[in-house]
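Examining the three-dimensional arrangement
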2 protein chains.
Amino acid sequence: MANLLRATAAWGLFSCRGYCSRIKQGKLSEDFVEALKAVVGSPHVSTAAAVLQQHGHDESMHRCQPPDAVVWPQNVEQVSQLAALCYSQGMPIIPFGTGTGLEGGVCAVQGGVCFNLTHMDRILALNTEDFSVVVEPGVTRKALNTHLRDSGLWFPVDPGADASLCGMAATGASGTNAVRYGTIRDNVLNLEVVLPGGQLLHTAGQGRHYRKSAAGYNLTGLFVGSEGTLGLITAATLRLHPAPETTVAATCAFPSVQAAVDSTVHILQAAVPVARIEFLDEVMMDACNRHSKLDCRVAPTLFLEFHGSEQALGEQVQRTGTIVGHVGDGNFHCILLVDPEDTEELRRVEAFAQQLGRRALALHGTCTGEHGIGLGKRQLLQEEVGAVGIETMRQLKATLDPRGLMNPGKVL
Amino acid sequence: MANLLRATAAWGLFSCRGYCSRIKQGKLSEDFVEALKAVVGSPHVSTAAAVLQQHGHDESMHRCQPPDAVVWPQNVEQVSQLAALCYSQGMPIIPFGTGTGLEGGVCAVQGGVCFNLTHMDRILALNTEDFSVVVEPGVTRKALNTHLRDSGLWFPVDPGADASLCGMAATGASGTNAVRYGTIRDNVLNLEVVLPGGQLLHTAGQGRHYRKSAAGYNLTGLFVGSEGTLGLITAATLRLHPAPETTVAATCAFPSVQAAVDSTVHILQAAVPVARIEFLDEVMMDACNRHSKLDCRVAPTLFLEFHGSEQALGEQVQRTGTIVGHVGDGNFHCILLVDPEDTEELRRVEAFAQQLGRRALALHGTCTGEHGIGLGKRQLLQEEVGAVGIETMRQLKATLDPRGLMNPGKVL
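Each value, and the rule that gives it
- Residues numbered from 1 in each chain as written.
- Chains lettered and ligands numbered in written order.
- Predicted model: local features only at pLDDT ≥ 70, side-chain atom pairs only at ≥ 80, totals over all residues.
- Heavy atoms only, no water.
- Helix = DSSP H or I, 4+ residues; strand = E, 2+ residues; numbered from the N terminus.
- Buried < 20%, exposed > 50% of the residue type's maximum accessible area, 1.4 Å probe, protein only.
- Areas by Shrake-Rupley, 256 points an atom, 1.4 Å probe, with all protein chains shown as cover.
- Polar contact = N/O pair within 3.5 Å; in protein donor to acceptor, adjacent residues only side chain to side chain.
- Salt bridge = Lys/Arg side-chain N within 4 Å of Asp/Glu carboxyl O.
- Axes fitted to C-alpha atoms, helices over the stretch in contact; angles between N-to-C directions.
- Parallel < 35°, antiparallel > 145°, perpendicular 65-115°, else oblique.
- Left-handed = near helix turned anticlockwise from the far one by under 90°.
- Contact = heavy atoms within 4.5 Å.
- Nonpolar A, V, L, I, M, F, W, Y, C, P; charged D, E, K, R; others polar.
- Pairing = 2+ DSSP bridges.
- Domains from an automatic or database assignment.
- Buried area = accessible area lost by both parts, 1.4 Å probe.
- Phe/Tyr/Trp six-rings, centres within 6.5 Å; stacked < 30°, edge-to-face > 60°.
- Lys NZ or Arg CZ within 6 Å of the ring centre and 35° of its normal.
- Core = buried A, V, L, I, M, F, W, Y, C linked by side-chain atoms within 4.5 Å.

Let us now look at the overall build of chain A. Tallying secondary structure elements over chain A gives 14 helices and 16 strands in all. Buried residues in chain A amount to 59% of all 412 residues. Carbon and sulfur atoms form 51% of the exposed surface of chain A, whose accessible area is close to 15500 Å².

This brings us to helix α11 (residues 282–292) of chain B. Three- or four-residue spacings in an α-helix give side chains the same orientation, since the helix completes a turn every 3.6 residues. A side-chain oxygen of the first residue of α11 of chain B lies 3.2 Å from the backbone nitrogen of Val283 of chain B; this N-cap is Asp281 of chain B. One or two positions beyond α11 of chain B, positive phi appears at Lys293 of chain B, with a value near 50°.

Residue and element names in this part refer to chain B. Tallied over the full model, the rule gives 14 salt bridges over all chains. The residue Asp158 makes a salt bridge to Arg141 at a minimum N-O spacing of 3.3 Å. Of the two residues, Asp158 sits in the loop between β8 (153–154) and α6 (165–171) while Arg141 sits in helix α5 (residues 141–147), which places them 17 residues apart along the sequence. Of the two residues, Asp158 and Arg141, both sit in the buried class. Where Glu344 meets Arg347, a salt bridge forms, and the shortest distance between an N and an O atom there is 3.1 Å. With Glu344 and Arg347 both in helix α13 (residues 343–362) and three residues apart, this pair spans about one turn of that helix.

When two helices pack together, their arrangement is given by the angle between their axes and by how far apart the axes lie. Residues and elements named next belong to chain A. With their axes 9 Å apart at the nearest point, helix α2 (residues 30–40) and helix α4 (residues 76–88) run at an angle of 165° to one another. The angle between the axes of α2 and α4 places the two elements in the roughly antiparallel class. As α2 packs across α4, the resulting crossing turns out to be right-handed. Taking contact as the criterion, the partners of Phe32, Ala35, Leu36, Val39 and Val40 in α2 are, on α4, Gln78, Gln81, Leu82, Leu85 and Cys86. Tallied by class, residues from the contact of α2 with α4 come to eight nonpolar, two polar and no charged.

Residues and elements named next belong to chain A. Here we have four strands laid out as an open sheet, ordered β2-β3-β5-β4, and mixed in their pairing. Only two strands of the sheet have a single partner each, and these edge strands are β2 (45–46) and β4 (93–96). When β2 meets strand β3 (residues 69–71), the two strands line up antiparallel, connected through two bridges. What sits directly across from Ser46, in β3, is Val70. Where α4 meets the sheet, its contacts fall on β3, β4 and β5 (113–116), and the angle it forms with β5 comes to roughly 170°.

Glancing now at unusual backbone geometry. Residue and element names in this part refer to chain A. Located in the positive-phi region is Glu227, a residue other than glycine, with phi close to 55°. The phi dihedral of Asn407 is positive, around 40°, even though this residue is not glycine. Relative to the helices and strands, Asn407 is located in the segment after α14 (378–400). Look at Asn407 and you get buried, because its relative accessible area is 2%.

Residues and elements named next belong to chain B. A sheet is described by the order of its strands in space; here five strands give the open sequence β6-β7-β11-β9-β10, paired in antiparallel fashion. Edge positions in the sheet fall to β6 (123–127) and β10 (200–202), since each has one partner strand and no second. If you compare each strand with its neighbour and ignore which way they point, the axes differ by 10° on average. Note that β6 and strand β7 (residues 132–135) share four bridges and pair antiparallel. Looking at β7, one finds that Leu126 is bridged to Val133. Against the sheet, helix α4 (residues 76–88) makes contact with β9 (188–194), β10 and β11 (232–239), and its axis sits at roughly 50° relative to β9, the strand it touches most.

Here we take up the domain arrangement of chain A. All names here are of chain A. The domain architecture assigned to chain A consists of domain 1 (30–116), domain 2 (123–242), domain 3 (246–325) and domain 4 (344–400). Each partner contributes residues to the interface: domain 2 has seven residues there, and domain 3 has eight residues. Summed over both partners, the interface of domain 2 with domain 3 buries about 650 Å², with 47% contributed by carbon and sulfur atoms. Three residues, Thr176, Val179 and Arg180, lead the burial of domain 2 against domain 3; their summed loss comes to 71% of the area buried on that side. Between domain 2 and domain 3 we count zero salt bridges in total. At the surface where domain 2 touches domain 3, the tally comes to zero residue pairs in polar contact (both at pLDDT 80 or more). Here the side of domain 2 that touches domain 3 is composed, by residue class, of three nonpolar, two polar and two charged.

Let us look at the environment of Thr176 of chain A. Inspection of the secondary structure puts Thr176 of chain A in the loop between α6 (165–171) and α7 (178–181). For Thr176 of chain A, a relative accessible area of 13% gives the class buried.

So, on to the packing of aromatic side chains. Residues and elements named next belong to chain A. By the definition in use, this model includes two aromatic pairs over all chains. With a centroid separation of 5.5 Å and 90° between ring planes, the pair formed by Trp154 and Tyr181 is classed as edge-to-face. Note that Trp154 is positioned in strand β8 (residues 153–154) and Tyr181 in helix α7, a separation of 27 residues in sequence. On the basis of relative accessible area, Trp154 is assigned to the buried category, the value being 16%. Of the residues examined, Tyr181 reaches a relative accessible area of 9% and is grouped as buried. The ring of Tyr87 carries the charged tip of Arg403 above its face, separated from the ring centre by 5.9 Å.

Most often, soluble globular proteins have nonpolar side chains that are buried together. Among the nonpolar cores identified, the biggest contains 113 residues, and Leu144, Ile184 and Leu238 of chain A together with Leu144, Ile184 and Leu238 of chain B are the most heavily contacted of them. When residues in this core are grouped by element, the largest group, eight residues, is from α14 of chain A. Ignoring any residue separated from it by four or fewer positions in sequence, one finds Ile184 of chain A in contact with Phe155, Val157, Leu165, Met168, Ala169, Gly172, Ala173, Val224 and Leu238 of chain A.

What follows is the structure, encoded as structure tokens:
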């Protein structure tokens, strides 16, 4: 159990769509709204209550806090002009992709302008010889893999939701394939970023898509996982992988959670090249049986997937035949059903989430393996990285965003 | 050829040991030297000319610029006290490991105190279940793998030299195994860093060694490759890998460089899980034949290595049997023999190195795949990341090192 917990904890909570605590309106001057419209055109600016509400929450339990306006820039030049306009007016900027986050990262805690980037949905370049692709923020994981279908390549990072790839970079996404292919962090080669004041930064230099570099400070790494608090990601250069020739799946039930975790450690120590290992406990297995009308054994269960050539997979599965689910990289989720109208239940769930995070920290783990810090885990982050760590992050934030307008109230 | 060059360029140049351009001495006050001795003890401070000279260069062609004193701290508390002392006195700080760098990173261009960290050589923790180890700066790559011999685990990042692992983290080292195991960047889980003023930072939180995290800004990534310009790395938590059951090597000669490079791209596109792919041109093959009394064909040649189980390797080699040199990750080195006394030859070599870097940049590559920027590639870095990139790096540097005393004159 220690191994499971030592690693990382994250949790997805039931959606709170539809109950917003407040809709602030009329905060923006008419002049300011006109200035936004002058950049992107009238149809691409909205201050309608329903639109604001829709942009004030993600799929987590965090209460909706709508922005004062939503803009849909059509290209990076517009993002840059809008950012310069907002920054000069002291207006908070909140980047928005598919809204599938789980840490309240898009809540407009101080109001401001939400930048919905989904209209920028082009695949700007595909380099099959160099295994790289450049995507705008509106391109989702599934859209990219559909585009790649006949290329022999694919993008394996899979957090479940059909998220925006740039949003995945912003939140440090991971998912079930991380055992073999790494997380989004390992697969971003370059980012185009609009800095708070509107300047355009290419974290690894314009147009570059090399596999490795030792050239100066790792700006790409700094912006991956920064949750929109340092700038707006307007394009990501991603590393692609050869599509597996064959995929084989296996499941195995265990008498206890400990036995399943011990087996995971043994599989990894034996260098069995597994692509995914997912774990479901007996309660989740029971729920899956009911939902999908299955007849699986109600016991702690590992789900494994192997990618490779037919012959190699035969051997891998044969090894893993007698022993053998995100446990492969030590990440687990607790999914709790919650009645959002029941404040007492919400309180208990929040307390449980904090407790779970502290348990992971006590075992030398992290409070968030993916989805980021957002609103809910700021206290846990302080406990995780310590006073000097937080102070260093604050200094970096203040350097790049001196007025504190980029997605305020998140992370720090 | 484009593929080879597009990727990354780095070069190692013949050692310049033994010819120092200047030995500055007597710059330090007696009081200051006494204060250094009070922290680490008299035997662990030296201002002897030969010692200073020995610490003023690495294995590159960059001219030796010795520090004003060398200190050998015995533990992190002493590093912290020494750094606070130097910083308060406006004295530059230059971290020193094994001195095997190739970009002049240890040259004391403004004088100052060299911190030789090799006396801190403990392996502080080994977690075989979590595949992690914590090492001090005096632990080299080979020393770690000797220690791990019976554990079933190993640390695969191999830049050739038996470098300090913390030094490898500081310079963003890579090497021949990067195709399969990634570079040092992919294998550092946490760093203990003494900040310029003496404060102790744990980039991923104290004692943490998780595989992945989305917790706040990626400080670990920022310090990896920062070349001692943001702080002193006093311990590194590294990711270990299962030792391969079997290793198989293969070589293949090609009619041209282009044919060898095209084959590399095909091997990688076919997802053949090769661990190393190294390329030697015909001139290098001829030199190897003469040096090692071999009888290899004098032609562009790829060297491949496969890691895995016996059965899986049989299949991999069978695929790669008909076609099959750091080309696997697109990194290459030019090794030039140079007479350090011949200034005209030195000038020509420097011009060639700049030209080579520019060629890589023109092909969307990087001027340094490993070894970092150091002294020689600062102009190329500007060209690579552009004005906003350099300005962002300058701001980060100024934030963490406001007096500009950490390894001055490097990178920026």
